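Structural overview for review
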Amino acid sequence: MIRFTAIRLIEIAAMLVLMSFVIYGLIGLMPGDPIDLMMAADPHLTSADLARLKALYGVDQPLLTRYWAWATAALHGNLGYSRLFAAPVTATLLPRLANSLVLMGSSFVLAFVLSLGLGIAAARRPRSRFDAAVNFGAFAGVSLPTFWLALILILVFAQVLHWFPASGMTGAGSGDLADRLRHLVLPVATLTIASIGGYTRYVRAAMRDALGQDHIRTARAKGASETRVIWHHALRGAMVPIATILALSFGTLVSGALVTEEMFAYPGMGKLIFDAVMGNDYNLALAALLLATAVTLAANLAADLAYAWLDPRVTLR
Amino acid sequence: MQLTRVLRECRRGASGLRCVAFLLVILLFVAGFLPAEAADHDELSIGIVQFPVMLNPDIEAVAAKSYVLGFTTRPFTVFDVDWKLVCLLCTELPSFENGRAVKTQLPNGKTGVDLTYTIRADATWGDGVPVTTDDVKFTYEVGRNKDSAISNAELYRRILSVDVENDKTFTLHFDRLTHEYAAIDDFVLLPAHLERPAFADPAQYRLRTLYGTDPTNPGLYNGPYRVSELAQGSHIVLEPNPHWAGPKPPFRRITIHAIENSAALEANLLSGTIDMVAGEMGLPLDEALAFDKRHGGDFTIIYKPGLTFEHVDCNLAVPALADRRVREALLLGLDRAAIVKSLFADRQAVANSFVEPLDKGFTDDVPHYAFDPAKAQQLLDQAGWHAQPDGTRKSDDGKTLSFELTTTAGNHSRELVEQVLQSQWTKIGVSIRIHNEPARVLFGETVPHRKFELAMYAWSSAPENEPRSIFHSKEIPAADNGYAGQNAVGYDNPEMDRIIDTLETELDTAKRKALWAEAQVLYATDLPSLPLYFRSDAFVLPKWLAGLRPTGNQYPSSLWVTDWSVKP
């Protein structure tokens, strides 16, 4: 397992280097230079200003030169400055990352816990009314457009009931824990409802499959309690495919949820990445996207390791 | 009966979805009729659609920043709600009559002007330090430095030098005399006592300015409010500047929320999270009109026509568009009055030239092009584009009359108008292919590099703003000038060049008006672009707010926040 992990870590490092180049190149190939945009907005700018600003922001150099300069600095721990936010990339990124982890982490845990319960319950009673209701709810959750769901929640719980604020992360001049939690309720609910359907479908299918296995019948024949059968024997087998889905979802923890963030004016990573890409803010976009890539790759490694732990038949080589 | 039964079941403790659903319905019903919480209105929450990233007034001019700075910072001069130039930070506008403006002869033979300003005696930064000529000298130093990333470097190039008379009075020596010579609205002071250390390395200034690293430092602001909290990407809180000597700020706190999605902005308004939507940075007109229909009775909605001129640029490098008859036919084939009526409820004025009717230079005595599809078809026939049985038009050499129409993708209003244009032009035999692009691509690449055929977008200007950048032949963007200039259509008319050159230095009001009229007639005759309408901004205000007067020009209403009040 140590050898496997070491090889995978080397692969991840190589993949990150490759991705950094690909992302940098893709942003560089996008039409619309930021300085040209400044020029379009300000008729007073002359061609001399243009040249001066391009040199100042470093966009007058060839793409490869810029990438090499960035990579060298990044290897020394310097991710550079964000052109859009006029601040170091880390100082810009970290608060947004923390916001996203809170938002996405809460909804992720909530959605997973609920879908585990619902999926298992539905798998235990296939083709029952409850199973049909869960299936219907799951499909509805998957089908609902996030922006619409967000609007409905704002309408009901902010506009009509005045229970929760409609937007933001904290109230003006406030920011204590209770205030932050109140602001989190609606965006977390939106993300949870939007993702719970998909997870529930996976959990139900995996549990249905696991409950039909020979070793489950054997466990029951040996007189194991239903609770033990479900939670000890069946769930462990079902967790293998579920772990893959969870691992793939981990990237979203740091890449944010653009639509939800925009609807609730929540300053998270989704909006930050979108603005950075659209604003040709190379340093910021690169750091944010690489972070999301790294987390996804690391989560996949964790999932691979989890397979071996969950299923003794799996050997890591 | 059914409800009674459910209620009885609930009372008995019967569980089930029906009981829960019933209670939820009751709750929603009751909550809907609850009286709104009484408010004393000592706070105001404003929604805008963009977050101002960094508040340094001299680096990167964006509308959201101007709006916020309107509350916190006083420029020397601005155009007020009546489009009259006024002093905000100075005591008196320089003029030749009061001796504060003096014509000078420059060594190169040109005429310059020396302008003397005096800073208001009570002008003070938010940390109690007086605003002085030291700030003027420092701001000039920053503006002149080529590494400082100042956006309006042209202003500082025009100021040859600064002479300081005392702590409050200074003279700017300009290299030219223009009609609005006293307007120095882009010369926005930076607090030297705080910003000088950040400017130690000019190339690093944009990264080290306290407006970015310490935006809640009270000493950065000299207006009625100061920034007390800035949650990046979310909201900005403003509180009264304790050292402000002008009229008392009307609110204990103003919170500006950035909500980019207009549907969410509307929902926030209805939920009471925000009290108003700023017209300068708020709902697009079509969405404001829809909101007005649904909830207009609960708010005061002001529609203010402004200086934003919506038009279709015709790239004159495209052979078919180089023919004036084709451009005229395109304009005659459009029922602009119907577009404005049906899509914008007549809240926007149809444009016949590029000058807004409220502008001093406006004249209506220009060629008008009312909807006339028959004449449009006649012109196209004359231009050699013959009608075909399938409804299209072809030239003698078999080319089809077809253009690509581009606008900003995602701009709902423009996309709606674009479809109408396509439909109306198809009726006169002009095929239109729609190819929309994100704003960053359209304005960063397609328009400046002249890679379009027809492009629909808007120009924003100041009152009596000479159209040099958009119509002068020296302003045609090309590779050899680094794609500078906004004359993307490639309009090259020596007569228009002469009018613009004369306009910039003509001081006599009557002669200026005549020159403006000439420019508008020439534009409406040549039609380098197709005028559509002048855009209006929609201000959605709470019923209890009084005194807010939209300017319609580039200066935001927030500059006059001390005129705002709560209705008794």
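Before going into details, it helps to say that this report is about the structure given with it. (Residues numbered from 1 in each chain as written. Chains lettered and ligands numbered in written order. Predicted model: local features only at pLDDT ≥ 70, side-chain atom pairs only at ≥ 80, totals over all residues. Heavy atoms only, no water.)

Okay, the overall build of chain A next. Counting secondary structure elements, chain A contains 13 helices and two strands. Once the C-alpha set of chain A is aligned to its principal axes, its extents read approximately 85 × 60 × 35 Å. Every one of the 317 residues in chain A was classed for burial, and the buried ones make up 48%. The long-range fraction of contacts in chain A, counting pairs at least 24 apart against all pairs at least 6 apart in sequence, stands at 71%. For chain A, the exposed area adds up to about 15000 Å²; of that, 69% sits on carbon and sulfur atoms. Each charge class in chain A can be summarised by its mean position, and for the 24 positive and 18 negative side chains these summaries are 15 Å apart. (Helix = DSSP H or I, 4+ residues; strand = E, 2+ residues; numbered from the N terminus. Buried < 20%, exposed > 50% of the residue type's maximum accessible area, 1.4 Å probe, protein only. Contact = heavy atoms within 4.5 Å. Areas by Shrake-Rupley, 256 points an atom, 1.4 Å probe, with all protein chains shown as cover. Lys, Arg positive; Asp, Glu negative; His and termini not counted. Charge placed at Lys NZ, Arg CZ, Asp CG, Glu CD.)

On to the packing of aromatic side chains, then. Overall, the coordinates contain 34 aromatic pairs over all chains when judged by the stated rule. Seen in terms of ring centroids, Phe-21 of chain A and Tyr-67 of chain A are 5.1 Å apart; in terms of plane orientation they differ by 75°. Their pairing is edge-to-face. Note that Phe-21 of chain A is positioned in helix H1 (residues 2–29) and Tyr-67 of chain A in helix H4 (residues 63–75), a separation of 46 residues in sequence. With relative accessibility at 40%, the residue Phe-21 of chain A sits in the partly exposed group. Residue Tyr-67 of chain A is classed as buried on the basis of its relative accessible area of 11%. Look at Phe-354 of chain B and Tyr-523 of chain B: their rings are 5.4 Å apart centre to centre, the planes differ by 75°, and that puts the pair in the edge-to-face class. One end of the pair, Phe-354 of chain B, is in the loop between strand E13 (349–350) and helix H14 (373–382); the other, Tyr-523 of chain B, is in helix H19 (residues 509–526), and 169 residues separate them in sequence. The two residues Phe-354 of chain B and Tyr-523 of chain B agree in class, both being buried. By way of ring pairs, the aromatic residues Phe-309, Phe-354, Phe-443, Tyr-457, Trp-459, Phe-471, Tyr-491, Trp-516, Tyr-523 and Phe-534 of chain B are connected into one cluster. The ring of Phe-130 of chain A carries the charged tip of Arg-125 of chain A above its face, separated from the ring centre by 4.8 Å. The ring of Phe-96 of chain B carries Lys-103 of chain B above its face, with NZ or CZ at 6.0 Å from the centroid. (Phe/Tyr/Trp six-rings, centres within 6.5 Å; stacked < 30°, edge-to-face > 60°. Lys NZ or Arg CZ within 6 Å of the ring centre and 35° of its normal.)

Turning our eyes to something else, we now look at the interface of chain A and chain B. Each partner contributes residues to the interface: chain A has 57 residues there, and chain B has 53 residues. Of the roughly 4400 Å² buried between chain A and chain B on both sides combined, carbon and sulfur atoms contribute 58%. Of all residues in chain A, Arg-52, Leu-56 and Ala-172 of chain A bury the most surface against chain B, accounting for 12% of the area lost on that side. Where chain A meets chain B, there are one salt bridge. One salt bridge in this structure joins Glu-260 of chain B and Lys-271 of chain A, with 3.0 Å as the shortest N-O distance. If you look at where chain A meets chain B, you find four residue pairs in polar contact (both at pLDDT 80 or more). For the side of chain A that touches chain B, the secondary structure elements donating two or more residues are helix H2 (34–41), helix H3 (47–57), helix H7 (146–160), helix H11 (258–263) and helix H12 (269–278) of chain A. (Buried area = accessible area lost by both parts, 1.4 Å probe. Salt bridge = Lys/Arg side-chain N within 4 Å of Asp/Glu carboxyl O. Polar contact = N/O pair within 3.5 Å; in protein donor to acceptor, adjacent residues only side chain to side chain.)

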